[in-house]
Amino acid sequence: MSLIEMNKKYLRSAADKINLDPNLLKILERPMRVLEVSIPLVKDNGEVEVFTGYRCQYNDARGPTKGGVRYHPNVTKDEIITLAALMTWKCALVDLPYGGAKGGIICDPTKLSEKELERLTRRYTVEIIHLLGPHIDIPAPDVFTTSKNMAWIMDTFSMMKGYTEPSIVTGKPEVLGGSKGRKEATGRGVAIVTRELFKALNKNLRGAKVAVQGFGNVGSHAALFLSQMGAKIVAVSDITGALVNEDGFSAQELIGCVEKYGCLEGYNKGKKIPRDELLYLDVDVLIPAALENQIHSENAGKIKAKIIIEGANAPTTPEANELLSKKGIYVVPDILANSGGVIVSHLEWVQALSGLYWEEEEVIKHLEKKLVKSFKEVWKKSKEFNVSLREASYIVALQRIAEVYHYRGIFP
Ligand code: NAD
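Owing to the predicted nature of the structure, the values given are computational and were not obtained by experimental measurement.

A.B. asks: How should the sheet that holds strand 8 (residues 241-244) be read in this particular structure?
C.D. replies: Strands in a sheet are paired, the pairing made by backbone hydrogen bonds, and the direction either parallel or antiparallel. With mixed pairing, seven strands are arranged side by side in an open sheet as 9-8-7-6-10-11-12. A single partner strand is all that each edge strand has here, and the edge strands are strand 9 (271-273) and strand 12 (330-332). For this sheet, the mean inter-axis angle between neighbouring strands, taken without regard to orientation, is 20°. Pairing geometry for strand 8 and strand 9, over three bridges, is antiparallel. Within strand 9, the residue paired with A242 across the bridge is I273. Across the face of the sheet, helix 6 (residues 182-200) comes into contact with strand 10 (285-288), strand 11 (307-309) and strand 12 while running at roughly 150° to strand 11.

A.B. asks: What exactly am I supposed to notice about the pattern of salt bridges here?
C.D. replies: Under the criterion given, the structure shown has 33 salt bridges. Across the pair K111 and D108 runs a salt bridge, and its minimum N-O distance is 3.1 Å. When its relative accessible area of 25% is taken as the criterion, D108 is described as partly exposed. Residue R188 is joined to E360 by a salt bridge in which the shortest nitrogen-to-oxygen separation is 4.0 Å. Of this pair, R188 sits in helix 6 while E360 sits in helix 12 (residues 360-385), placing them 172 residues apart in sequence. Linked through salt bridges whose partners overlap, the residues forming this network are R70, E79, K102, D142 and E292.

A.B. asks: Is there a simple way to think about the layout of surface pockets in this case?
C.D. replies: One way to see where empty space is left: roll a probe the size of a water molecule over the atoms. Approximately 470 Å³ is the volume found for the second largest pocket. Looking at the second largest pocket, it is lined by 20 residues, and the ones nearest its centre are S325, V387, S388, L389 and E391. Ranked by residues supplied to the lining of the second largest pocket, first place goes to helix 9 (residues 318-326) with four residues. Split by residue class, the lining of the second largest pocket holds eight nonpolar, seven polar and five charged.

A.B. asks: Looking at this structure, I do not really get the side chain of T88. What am I missing?
C.D. replies: Among the secondary structure elements, T88 is positioned in helix 3 (residues 77-93). Residues within four places of T88 in sequence aside, it is in contact with Y58, N59, G99, G100 and I401.

A.B. asks: Explanation requested: the site of the ligand in the structure shown.
C.D. replies: Residues in close proximity to the ligand total 23 residues, the closest being R70, D142, T186, V218 and N313. One nitrogen or oxygen atom from the main chain of I239 is found 2.9 Å from an oxygen atom belonging to the ligand. If the ligand stood free it would expose 840 Å²; the protein chains cover 87% of that surface. At the level of secondary structure, the elements contributing two or more residues to the shell around the ligand comprise helix 6, helix 7 (217-228) and strand 7 (232-238). Split by domain, the residues of the shell around the ligand number at least three in each of domain 1 (31-164) and domain 2 (183-332).

A.B. asks: So what exactly am I meant to see when it comes to the pairing of strand 1 (residues 33-42) here?
C.D. replies: Look at any regular strand and the pattern is simple: side chains alternate between the two faces of the sheet. As paired elements, strand 1 and strand 2 (residues 48-59) share 10 bridges and run antiparallel to each other. Counted as the bridge partner of V42 is V48 from strand 2. The turn linking strand 1 back onto strand 2 is made up of five residues, and G46 within it adopts a positive phi angle of 95°.

A.B. asks: Sorry if this is basic, but what is going on with unusual backbone geometry here?
C.D. replies: The omega angle of the peptide bond from F411 to P412 is 0°, so this bond is cis rather than trans. Of note, P412 is situated in the segment after helix 13 (389-408). For N19, which is not a glycine, the phi torsion comes out positive at approximately 50°. With respect to the helices and strands, N19 occurs in the loop between helix 1 (3-17) and helix 2 (22-28). For N19, a relative accessible area of 68% gives the class exposed.

A.B. asks: Please clarify how the packing of helix 6 against helix 11 (residues 340-354) should be interpreted in this entry.
C.D. replies: The axes of two packed helices give the description: the angle between them and the distance between them. It is the contact of helix 6 with helix 11, at a shortest axis distance of 7 Å, that shows an interaxial angle of 145°. At the point where helix 6 passes helix 11, the crossing takes the right-handed sense. Here R182, A185, T186 and G189 of helix 6 come into contact with helix 11, specifically with G340, G341, V344, S345 and E348. Broken down by class, the residue content of the contact of helix 6 with helix 11 amounts to two nonpolar, five polar and two charged.

A.B. asks: Just to check I follow, could you spell out a nonpolar patch on the surface for this structure?
C.D. replies: A surface patch of nonpolar side chains, amounting to about 260 Å² of accessible area, comprises V42, V48 and V50. Overall, V50 belongs to the exposed group, its relative accessible area being 54%.

A.B. asks: Is there a simple way to think about the packing of helix 6 against helix 7 in this case?
C.D. replies: Across the interface, helix 6 lies against helix 7 with an axial gap of 7 Å and an inter-helix angle of 50°. Comparing their axes, helix 7 and helix 6 come out oblique. Of the two possible hands of crossing, helix 6 and helix 7 adopt the one that is right-handed. Seen from helix 6, the contacting residues are K183, E184, T186, G187, R188, V190, A191 and T194; seen from helix 7, they are N217, V218, H221, A222, F225 and L226. Split into classes, the residues belonging to the contact of helix 6 with helix 7 amount to six nonpolar, five polar and three charged.

A.B. asks: Please explain the nonpolar core as it appears in this structure.
C.D. replies: The tendency in soluble globular proteins is for nonpolar side chains to be buried side by side. With 95 residues, the main nonpolar core has L20, L28, W89, V236, I287 and I309 as its most contacted residues. Counting the residues that make up this core, at least three belong to each of domain 1 (31-164) and domain 2 (183-332). Sequence-distant contacts of W89, that is, excluding residues within four places in its chain, are made with N7, L11, L28, Y58, I335, Y394, A397 and I401. Grouped together as the second largest cluster of nonpolar side chains are 22 residues, L41, I105, M150 and I168 included.

Rules used in this analysis
- Residues numbered from 1 in each chain as written.
- Predicted model: local features only at pLDDT ≥ 70, side-chain atom pairs only at ≥ 80, totals over all residues.
- Heavy atoms only, no water.
- Pairing = 2+ DSSP bridges.
- Helix = DSSP H or I, 4+ residues; strand = E, 2+ residues; numbered from the N terminus.
- Axes fitted to C-alpha atoms, helices over the stretch in contact; angles between N-to-C directions.
- Contact = heavy atoms within 4.5 Å.
- Salt bridge = Lys/Arg side-chain N within 4 Å of Asp/Glu carboxyl O.
- Buried < 20%, exposed > 50% of the residue type's maximum accessible area, 1.4 Å probe, protein only.
- 1 Å grid on protein atoms, 1.4 Å probe; cavity = no way out; pocket = protein on both sides within 12 Å on 5 of 7 lines; lining within 4 Å.
- Points joined across faces, edges and corners; volume = space filled by probe spheres on them.
- Nonpolar A, V, L, I, M, F, W, Y, C, P; charged D, E, K, R; others polar.
- Near = heavy atom within 4 Å.
- Polar contact = N/O pair within 3.5 Å; in protein donor to acceptor, adjacent residues only side chain to side chain.
- Areas by Shrake-Rupley, 256 points an atom, 1.4 Å probe, with all protein chains shown as cover.
- Domains from an automatic or database assignment.
- Left-handed = near helix turned anticlockwise from the far one by under 90°.
- Patch = residues over 30% accessible without salt bridge, like charges linked within 9 Å, V, L, I, M, F, W, Y side chains within 5 Å.
- Parallel < 35°, antiparallel > 145°, perpendicular 65-115°, else oblique.
- Core = buried A, V, L, I, M, F, W, Y, C linked by side-chain atoms within 4.5 Å.

By themselves, these figures tell us nothing about what the structure is for.
If you want it as structure tokens, here you go:
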């Protein structure tokens, strides 16, 4: 099933449960706007390479669109549209005044120099600039983009407009108006929803065995905060391979290794296993935090974890989702599990718009409150409709979006 079909399947199934107006479903099944751009880059050796980039604004009924920008060789238009749809449901689910967007460039950023990446980012920004604005569409980091890319986007936008506009991106460096706690927010959120699920199931998180696939921004922070909550990080992986340690890793040490070497390769504690074997370990919690489609119909049967927390976007295919559900595995879906990032991005946007900046404790408190409330709403909805946590999340999101359409109507 393609990613686009996956989006429609989840959407239709939730729409069916709440008897959503079929006319509204027709609108929500399609992206509002997708822009494809060609981005010429003068490489350091003088050669010109032309890259393809996208920005999709899926739906803006609830507010300006919000979503990350991804640099990856496997970026496709369908992937960007699907991720923009997920952002739409996510923002509605956690009740942020945003619609959903996503952007990306088909490129291998590991093969570009720092200067080339800067020129690529700046030119991409100019190519999509007429779609951007603090009240139109606000980008953020995603796979292979960081606060540095956000600073380039902000500077380019500001230079082109002739004034400094910090609220045009989130996830930017603090000195440019970035929020305290934004970098850690998605992983912290993953840990918070894991804790809430354990509470709801009357399970003890202390000593629970956790495996984390992908040790980038999301995976590493999820591991850090879960270990602070008493869980044991027994396996981690990144693109270079996987490591297991039954006694539990020090998340801080692993992060130190990635900061120093850029990857987990070379970390000498723990046993090396083939990268994808991490998914099949006998653990309490599995956190896919790398890319989409990692858990699919061919490998879902081998999963022994009792709980899956989707740190990544769309890591589970719908076929796998059904298999996991039959096996009684709890899956906290992406749109809830990784919503911590956009929750703090929203705070960053509000701070930049108002010029008033918050202390880290205030940011964390707000994130906690919002996520706990959203988790409880989803849990309640799953009982009310007797559905999975994924379906319940879509139901909460769709009900909110439908309510907005009820008042706004369909223009003209
Ligand atoms: P990142 O680039 O910081 O990290 C990605 C990690 O995955 C890296 O460690 C990489 O080596 C690893 N990886 C890639 N392919 C792998 C494979 N086959 N097996 C194991 N590891 C693999 O990206 P990120 O920002 O941490 O994003 C990860 C996921 O979380 C993406 O799906 C992204 O859309 C989603 N997400 C990110 C944020 C955010 O705030 N960064 C917010 C919400 C959702």
